[in-house]
Amino acid sequence: MNRQQHWETVYGNKASDAVSWYRPHLDHSLRVIERVAPDRGTAILDVGGGASTLVDDLLSAGYRDLSVLDISAQALDVARRRLGERAHSATWLAADLFDAPLPAARYQLWHDRAVFHFLVQPKQQARYVAQLNHAIRPGGYAAMATFGPRSDEMQRARRDALRRRRTGARTRQRLGAAG
């Protein structure tokens, strides 16, 4: 199962407010955004925004140039349905960040509460940073949340990655033994 299939399955099988990372409002993110981007015309990209309510709060605060990027079209659909007519006030990008055709120097603020901390491979992190550098304007801001090395989510991500590596090694051993 690739990353997109994984997230489509998550949002296809769970209510958006039933996932462990759900928050009714992202107050800290909103405060950071309002502090570094007080101009309500600031171009903002919410990376991995999916079903998050941040776009709701930003629209309510008067921000007018919002883009939400997520690998899961289903997660974006949740947010669009929740917003109703207000959904037309944002740009919705259903794409893997690594392949998303982001315009050069388009965004003044890059917000990420949900993507970078899951990238544990240096090549993935480098691709992420390349996209950020491509899409952010000179003098722009990147507001990124990450888990600490001892957090439950980070521990779970490491454990799952290790399990996948072990499973892959056993599969390779079986295939090698069979051949």
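Cut-off values and rules
Residues numbered from 1 in each chain as written. Predicted model: local features only at pLDDT ≥ 70, side-chain atom pairs only at ≥ 80, totals over all residues. Heavy atoms only, no water. Helix = DSSP H or I, 4+ residues; strand = E, 2+ residues; numbered from the N terminus. Buried < 20%, exposed > 50% of the residue type's maximum accessible area, 1.4 Å probe, protein only. Contact = heavy atoms within 4.5 Å. Areas by Shrake-Rupley, 256 points an atom, 1.4 Å probe, with all protein chains shown as cover. Core = buried A, V, L, I, M, F, W, Y, C linked by side-chain atoms within 4.5 Å. Arc of directions from axis to C-beta. Phe/Tyr/Trp six-rings, centres within 6.5 Å; stacked < 30°, edge-to-face > 60°. Pairing = 2+ DSSP bridges. Right-handed = clockwise from strand over helix to strand, strands pointing away.

Participant: Whenever I open this one, the overall build of the protein chain confuses me. Can you help?
Facilitator: A count of helices and strands for the protein chain gives six helices and five strands. A burial count over the protein chain gives 39% of its 179 residues as buried. Of the contacts made within the protein chain by residues no fewer than 6 positions apart, 69% connect residues no fewer than 24 positions apart. Accessible surface computed for the protein chain: about 10,500 Å², of which carbon and sulfur atoms make up 52%.

Participant: What should I look at first to understand the nonpolar core in this one?
Facilitator: In summary, soluble globular proteins display a tendency toward joint burial of nonpolar side chains. Counting residues in each nonpolar core, the largest one holds 20 residues, and the members touching the most others are Ile 33, Val 55, Leu 58, Leu 66 and Trp 92. Counting only elements with at least two residues in this core, the list comes to helix H2 (27-36), helix H3 (54-60), strand E2 (65-70), helix H4 (73-83) and strand E3 (90-94). Counting residues per element, this core draws most heavily on H3, which supplies four residues. Ala 43, Leu 102, Tyr 107 and Tyr 128 belong to the second-largest nonpolar core, a separate cluster that totals 16 residues.

Participant: Explain H4 here, please?
Facilitator: Count 3.6 residues to each turn of an α-helix, and residues three or four apart come out pointing the same way. Of the positions making up H4, those classed as buried are Ala 75, Leu 76, Val 78, Ala 79 and Leu 83. Down the axis, H4 shows its buried residues gathered within 150° of arc, on one side only. Once H4 finishes, Gly 84 follows within two positions and takes phi at roughly 60°, a positive value.

Participant: Help me understand the packing of aromatic side chains in this model?
Facilitator: Working definition: an aromatic ring pair is given by the centre-to-centre distance plus the angle between the planes. Scanning the model with the defined rule gives two aromatic pairs in all. Between Trp 110 and Tyr 128, the ring centres sit 5.6 Å apart and the planes meet at 80°, which makes this aromatic pair edge-to-face. Taken together, the positions of Trp 110 in strand E4 (residues 107-112) and Tyr 128 in helix H5 (residues 122-135) put the pair 18 residues apart, joining distant regions of the chain. In this structure, Trp 110 and Tyr 128 share a single accessibility class: buried. Site record: aromatic cluster; members linked through ring pairs are Trp 110, Phe 116 and Tyr 128.

Participant: What am I meant to see in the pairing of E4 here?
Facilitator: On a regular strand, one side chain projects to one face of the sheet and the next to the other, so that they alternate. Counting buried positions along E4 yields five of six residues, so the element is predominantly enclosed. Pairing of E4 with strand E5 (residues 136-144), which is carried by five bridges, proceeds in the parallel orientation. When the sheet's bridge partners are listed, Asp 112 is paired in E5 with Met 144. Between E4 and its parallel partner E5, the chain crosses via H5, and the hand of that crossover is right-handed.

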